[in-house]
Amino acid sequence: MKANLHILCLLLFISFTGFSQEKEKENTCDLPKRIVDQINYFHFSEQKIDDQFSKKLISNFIKELDSDGLIFTQNDMNSIYIYENQLDDEIKYNSCVFLDKIKKIYKTNILKTQKMVDEILSEELILSEDENYVFSDDTTILYAKDDTELYDKWKCLLKYRLLVNYFKYSVDTIDELNELSFHPEIAILIQETISKNLECYFNELIHPNGGVDSFIENTYYNNIAKTFDPNTTYFSYTEKEIFEGDLSTEKKTFGLKFEVSDDKKLKIKKIKNNSQAKESSLKIGDEIISLQWNTNKNFIDLNCPNASYIQRIIDANKDSKIIIKAKQKDDTIITEVIEKVTEETDKNKVNSFVLENPGSKKVGYISLSSFYSQSDNNPKSGVAYDFKNELRKLKMKNVDGLILDLRFNGGGSMREAGKIASFFTNIGPLGITKMKNGDLEIMKDVSVGSYFNKPIVILVNNYSASASEFLAAALRDHKRAIIVGSKTYGKGSTQVILPIKDTKENEFLKITVEKFYRVDGKSFQQVGLTPDILLPMYFENTAHSELKEPLSLKNDRVNKKTYFKTKYNFPISYLNFLSNRRVNSSDNFQMIKQIIPDYDLYTDKNDFNLSFEKFKEYYATKLRVFDKINLLKKYEQNSYTPYHSEATILEKESNSPKIAYELKKLNGDFYIEECYKIMVDLFLYQNKVAQR
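Okay, so let's go over this structure. From a predicted model like this one, the values you see are computed outputs, not experimental measurements.

Extensive coverage of strand E12 (residues 363-367) is indicated by the burial of five of its five residues. Burial along E12 is two-sided: Val363, Tyr365 and Ser367 facing one way and Gly364 and Ile366 facing the other are all buried. Across four bridges, the pairing between strand E11 (residues 352-356) and E12 is antiparallel. Looking at E12, one finds that Ser352 is bridged to Ile366. As paired strands, E12 and strand E13 (residues 401-405) are joined by five bridges and run parallel to one another.

What follows is the structure, encoded as structure tokens:
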């Protein structure tokens, strides 16, 4: 891998989308061309900006603006798709004709749709078995022909929402569902709630942070980027900060947590220690009247506030100061100027545990939620540094093996993943990268000897992606680990975040610059990794994957010889046989297998009859699924005793909320339990071999 890309800190991850609340563009019309030129310069697979590009762009852009055909009609599409083969020319010649037209239609239609919905909800919604609501799928948006059909479509959607909420608020179990009957007076109350919620829905559409124009522009820019591949995206400054904050153990924050009261007021829920807010006159329970940026004096919209969203955007914004106007409980109005501070967060922090059964060998356990990178080039930071510290604690506990949990880990820093792999391997290759010019580079572990020599079981699922897949593949190829779980996501590409030229570092692009391969030249791009030992998971058929992204890079392989020595020769067939036998006799795993077809049906269904009794049948399927899932959550294993690596087997509890949560998970997660049993099977096998 090229050194300059190492310096830029390559990131592997599932794409993030959104829109900005800060928008300071000097030239909206020439930005698309700058985006395209910059992506084509760096991107692994350069694209022609031609009619085919235009067709893909307009389709994805409109789909993101209106994913279920609730704003645009087919008549609108007829006028919009005049530009189907023209967006490439608009980009090349800095034209905004198409974008201006979309803005006009979109803003007009939102107001028109809001008026429709208000009119529909002014009368009682009457359910009928002669009506259905059909949701659009991933490939086709179902548009109403004209405004009359759009009115009818919204009416059916509101009836669907009425049914969803009626059942949601009325029943929790199948027994309760069987006894449930329809009461018009309850339906009227639910309709009133829907009406209030839709006020906020349309307020957000009409007044998004930064304005409608900015939202549409950002959506357009993002889809220009995603037309190259789904992991190439456009970031505003705030989106970049949110993304990087999610891959870090540090973040800049004002130290405030908000909540929304029943009367839709934004209030202070918590004030963190070591923050300027703690030293101010702000108090818990204060009602926020206004939030104003210190630099540009713009206000944040607090109509229909979303507490978590507001908290994220103010912490991620480039402005380091915010002006807060608040009303205290005695009605006193105060104004404070608060500055950000840097704080550590334990959201991604690594912890290690010991799983011990007296009379048997001890097994270490570490879960990684992401591969976060170093903070400001601090060598004593980053997931690899934290991971090694936890590994050291486990070595001091004399564990005989390690379970590494990578479920739901969507990726992060490639460099950090490579460092972690090197803790378990001797000097040699870890993988291969391919640049856009076709050059191949071997990613190497340059350290002599491995830090941890015991066997490893890696637990993965459909949402283990990117760096997770790289680490799992590298350790399996070196015969250092057995992979257990379900097939992984299938993302074998590398991205880098770069500022867009001439945007004063307010706007950024995340660009796919490399593909990476296993040491044998094979790629898991699109196809994922198939575990050595498969375990059923209820979402295995419906989980999203790179293969389901129509514009994802294709799977291929490269020819590059690599040489390394392997340590173990795991008895995979033997371990598979024992695991399958346990799974087939396990009540938990058999219940998972029962859930799968119902979950598939529940997840894939998009056509809903709007009669009470027909919807009741559908809701029964949902309850059957979640009743079983909730029952599985009550499971408690008795195969081992888990404890924190800084504690002893006698200390089974912790004052740390995060560690206490992890201990609870270790006691109730039968996937981890099965990994432990696989490890025990391996120990017994090794003992038998040693005795021969």
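Moving on, we come to helix H18 (residues 587-604). For H18, built from 18 residues, the straight-helix expectation of 26 Å at 1.5 Å per residue is met to within 8% by its first-to-last C-alpha distance of 26 Å. The largest bend in H18 comes to about 30°, at Ile596, with the proline Pro597 one to four residues further on. Of all the positions in H18, only Asn588, Phe589, Met591, Ile592, Ile595, Ile596, Asp598, Tyr599 and Asp600 are classed as buried. Its side-chain oxygen at 3.2 Å from the backbone nitrogen of Asn588, Ser586 defines the N-terminal cap of H18.

Another aspect to go through is the layout of surface pockets. Size it by volume and the second largest pocket reaches roughly 1100 Å³. If you trace the second largest pocket, you find 34 residues lining it, with Arg407, Lys633, Tyr661, Lys665 and Asp669 closest to the centre. Secondary-structure elements contributing two or more residues to the lining of the second largest pocket are E12, helix H19 (612-633), helix H20 (657-668) and helix H21 (670-691). In terms of residues, the lining of the second largest pocket owes the most to one element, H20, which gives seven residues. Residue composition of the lining of the second largest pocket, by class: 15 nonpolar, seven polar and 12 charged.

What counts and how
Residues numbered from 1 in each chain as written. Predicted model: local features only at pLDDT ≥ 70, side-chain atom pairs only at ≥ 80, totals over all residues. Heavy atoms only, no water. Buried < 20%, exposed > 50% of the residue type's maximum accessible area, 1.4 Å probe, protein only. Helix = DSSP H or I, 4+ residues; strand = E, 2+ residues; numbered from the N terminus. Pairing = 2+ DSSP bridges. Expected span 1.5 Å × (residues − 1). Bend = angle between axes of the 7 residues up to and from the residue. Polar contact = N/O pair within 3.5 Å; in protein donor to acceptor, adjacent residues only side chain to side chain. 1 Å grid on protein atoms, 1.4 Å probe; cavity = no way out; pocket = protein on both sides within 12 Å on 5 of 7 lines; lining within 4 Å. Points joined across faces, edges and corners; volume = space filled by probe spheres on them. Nonpolar A, V, L, I, M, F, W, Y, C, P; charged D, E, K, R; others polar.

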